[in-house]
Amino acid sequence: DVKVTQSSRYLVKRTGEKVFLECVQDMDHENMFWYRQDPGLGLRLIYFSYDVKMKEKGDIPEGYSVSREKKERFSLILESASTNQTSMYLCASSLYLSYEQYFGPGTRLTVT
Amino acid sequence: KQEVTQIPAALSVPEGENLVLNCSFTDSAIYNLQWFRQDPGKGLTSLLLIQSSQREQTSGRLNASLDKSSGRSTLYIAASQPGDSATYLCAVRPGGTASKLTFGTGTRLQVTL
């Protein structure tokens, strides 16, 4: 079975802090994704990566950056956290871009 | 711009009932459609992936159908159980941009004893 893990289930940070969210997958998938999920807005794609060191912006990349130095690991970085980045963050991976996406358990981030 | 709608937003049914969850999308030029389940505070679990060339896919008590021309998909759950209680999300992958899923906001299902 595909396993996608995220470094924290819950995280509380202060406004202006730099925040790192880590995601690891163990199935040698080429593609990895970061989403945020907000009530009434559903899931929205922040960034995705189709290969090591390759990335593409999703629908809402502002305020975020990503890093993929190794195939199995994809990091989401909030350079200067703001309260409107309080959300549930979900990581996913897929073997090919058009294949099923498998999700991690999510990180609930609160920025105060 | 693709929009995905799931109605109703919430549904409560007694155990044992067969039920249908609906998903509609505005642009019929899709590559495939994926159904997910999400338990409260958790990540998404993939249930079924249905390709644009398929009419339906089955997994156990679940059956997903796809009618591309009318922009609709349904998820049929047979003999519902309390363990089926969760939020069900559908997501479409557009043709030509195979990477990006557009999600609906989900149907929250409660199966009561």
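This report concerns the structure included in the present document. (Residues numbered from 1 in each chain as written. Chains lettered and ligands numbered in written order. Predicted model: local features only at pLDDT ≥ 70, side-chain atom pairs only at ≥ 80, totals over all residues. Heavy atoms only, no water.)

Some thoughts on the overall build of chain A
Quick reminder of the rule: In this description a helix means any DSSP run of H or I spanning at least four residues, a strand means any run of E spanning at least two, and both kinds are numbered starting from the N terminus. What the globule rule says is 2.2 Å times the number of residues to the power 0.38, and the radius of gyration is computed from C-alpha atoms. Three labels apply to residues, based on accessible area from a 1.4 Å probe with only protein chains included: buried if under 20% of the type maximum, exposed if over 50%, partly exposed otherwise in between. Residues are treated as being in contact if the distance between any of their heavy atoms lies within 4.5 Å.
If you tally the helices and strands in chain A, you get zero helices and eleven strands. For chain A, the α and β elements follow one another from N to C terminus as β-β-β-β-β-β-β-β-β-β-β. Expected size for 112 residues packed as a compact globule is a radius of gyration near 13 Å; at 13 Å, chain A falls within 12% of this value. With the C-alpha coordinates of chain A rotated into their principal frame, the extents come out at 35 × 25 × 25 Å. Counting the 112 residues in chain A, one finds 47% classified as buried. Contacts spanning at least 24 positions in sequence make up 56% of the contacts within chain A whose residues lie at least 6 apart.

What about the environment of L21(B)?
Residues and elements named next belong to chain B. Inspection of the secondary structure assignment puts L21 in strand β3 (residues 19-25). Taking relative accessible area as the criterion, L21 reaches 0% and is therefore assigned buried. Considered as a pair, L21 and A9 are twelve residues apart in the sequence and their alpha carbons are 9.8 Å apart. Those residues in contact with L21 that lie beyond four places of it in its chain are L11, W35, S73, T74, L75, I77, Y88 and T107.

Considering the sheet that holds strand β6 (residues 56-59) of chain B
All names here are of chain B. Note the following rule: Two strands are said to pair when DSSP picks up at least two bridges between them.
As summarised here, the arrangement of the five strands in space is β1-β3-β8-β7-β6, forming an open sheet in which the pairing is antiparallel. In the strand order of this sheet, the two ends are held by β1 (4-5) and β6, each with one partner. Inspection of the sheet shows β6 paired to strand β7 (residues 62-67) by four bridges, in the antiparallel sense. In the strand pairing of β7, Q57 is matched with A64.

Notes on the layout of surface pockets
The test is simple: Buriedness for pockets is judged along seven lines, at least five of which must meet protein on both sides within 12 Å for an open set on the 1 Å grid over protein atoms alone, while cavities are sets there where a 1.4 Å probe fits but cannot get out, and lining residues have an atom within 4 Å of a point. Grid points are joined across faces, edges and corners, and a volume is the space filled by probe spheres set on the points. In this classification, the charged set is Asp, Glu, Lys and Arg, the nonpolar set is Ala, Val, Leu, Ile, Met, Phe, Trp, Tyr, Cys and Pro, and all remaining amino acids, among them Gly, are polar.
Size it by volume and the largest pocket reaches roughly 510 Å³. Of all the secondary structure elements, the ones that give two or more residues to the lining of the largest pocket are β4 (31-38) and β9 (87-94) of chain A together with β9 (86-94) and β11 (107-112) of chain B. With three residues, β9(B) is the largest single contributor of residues to the lining of the largest pocket. A per-class count over the lining of the largest pocket returns six nonpolar, twelve polar and five charged. Taken together, 18 residues make up the lining of the second largest pocket; nearest its centre are K1(B), Q2(B), E3(B), T102(B) and F103(B). The element best represented in the lining of the second largest pocket is strand β5 (residues 42-51) of chain A, accounting for three residues. The residue inventory of the lining of the second largest pocket, partitioned by class, reads seven nonpolar, six polar and five charged.

Digging into the pairing of β11(B)
Residue and element names in this part refer to chain B. Side chains of β11 alternate between two faces, with T107, L109 and V111 buried and R108, Q110 and T112 left unburied. Relative to β11, strand β2 (residues 10-14) is paired through five bridges, and the arrangement is parallel. Across the sheet, residue A10 finds its bridge partner in β11, namely R108. Strand direction decides the pairing type here: β9 and β11, joined by three bridges, are antiparallel. Bridging across to β11, A86 finds its partner in L109.

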